[in-house]
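# Understanding the architecture of this molecule
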Amino acid sequence: MSDIAANIAKIRERIAAACQRSDRNPDAVHLIAVSKVKPAADIDAAFASGQHLFGESYVQEFRDKSPQVQSPVEWHYIGGLQSNKVKYLRGKVAMIHSVDRLSLAEEISRQWQKIEADCKVLLQVNIGEEGQKSGADSEDLEQLVRDVAALPNLQICGLMCLPPYCADAEEVRPYFRQMRELAEQIEQLELPGVSMNELSMGMSGDFEVAVEEGATLVRVGTAIFGERIRKNG
Ligand SMILES: *Cc1c(COP(=O)(O)O)cnc(C)c1O
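Residues numbered from 1 in each chain as written. Predicted model: local features only at pLDDT ≥ 70, side-chain atom pairs only at ≥ 80, totals over all residues. Heavy atoms only, no water.

### Describing the site of the ligand
As a matter of local geometry, the ligand sits amid V34, K36, S57, I78, M203, S204, R219, V220, G221, T222 and R228. Take S204: an N or O atom from its side chain is 2.5 Å from an oxygen atom of the ligand. At 2.8 Å, a backbone N or O of G221 approaches an oxygen atom of the ligand. Within the complex, the protein chains bury 88% of what would otherwise be the 390 Å² of accessible surface of the ligand. Taking a 2 Å distance to the grid points as the criterion, the majority of the atoms of the ligand fall inside the largest pocket. Its residues assigned to classes, the shell around the ligand shows four nonpolar, four polar and three charged. (Near = heavy atom within 4 Å. Polar contact = N/O pair within 3.5 Å; in protein donor to acceptor, adjacent residues only side chain to side chain. Areas by Shrake-Rupley, 256 points an atom, 1.4 Å probe, with all protein chains shown as cover. 1 Å grid on protein atoms, 1.4 Å probe; cavity = no way out; pocket = protein on both sides within 12 Å on 5 of 7 lines; lining within 4 Å. Sits in = over half its atoms within 2 Å of the grid points. Nonpolar A, V, L, I, M, F, W, Y, C, P; charged D, E, K, R; others polar.)

### Overview of the packing of aromatic side chains
The final tally for this structure, using the stated rule, is two aromatic pairs. Between F62 and W75 the ring centres are 5.3 Å apart and the planes differ by 85°, which places this aromatic pair in the edge-to-face class. Note that F62 is positioned in helix α3 (residues 59-65) and W75 in strand β3 (residues 74-77), a separation of 13 residues in sequence. Site record: aromatic cluster; members linked through ring pairs are F54, F62 and W75. Taking NZ or CZ as reference, R63 lies 3.8 Å from the ring centre of Y88, over its face. (Phe/Tyr/Trp six-rings, centres within 6.5 Å; stacked < 30°, edge-to-face > 60°. Helix = DSSP H or I, 4+ residues; strand = E, 2+ residues; numbered from the N terminus. Lys NZ or Arg CZ within 6 Å of the ring centre and 35° of its normal.)

Dropping the structure here:
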């Protein structure tokens, strides 16, 4: 078995164990392999071992690399996104996790209107209220949900976060719990066209804690593909 296949198998076991500890159905948790900065061949190798969902963070890299991938993967866009680059994702990604402002949602809506399709989106929350991080503040979230929900060609499926970095995954637990509570509050508004079925949270260092707190989409890069040595936009 290749390293990538072995790593994926190990992560799936750890997700299943976290589900068991927290009395959750493992079918409700999906692994997104974060393949940014990694070559197309690694993505094909992961697909061959049964991994179908992949996350990318840089539009330019995604444009260059996605045509080189042979396998029929499902792409999720998880990184920061400028409105003028949304057109390069149009029709190519199944979900955009990083919608943090109305103007970006409006552009996604406009682009998906052109192909007469709906784009699934998650609203990104700045759960740690960190100045330099993107994401809506918790207190602005309800208004953002209401505004985005009014747009055509777009489905709100849940929330996403990148919590503050902590060396100890246990320290992140309260943020993941707040995310679940926020999702429950939004759900109670019963807004038409809004579901809070997905919680995208947890990365290589903390995905088990995220699963215990209700994550449905975990975004794991390093623990599958190894360290990233290069970064580009
Ligand atoms: C890179 C990235 C990840 C994966 O991080 P790892 O620590 O390598 O697992 C997850 N989410 C987002 C938004 C990322 O940009």
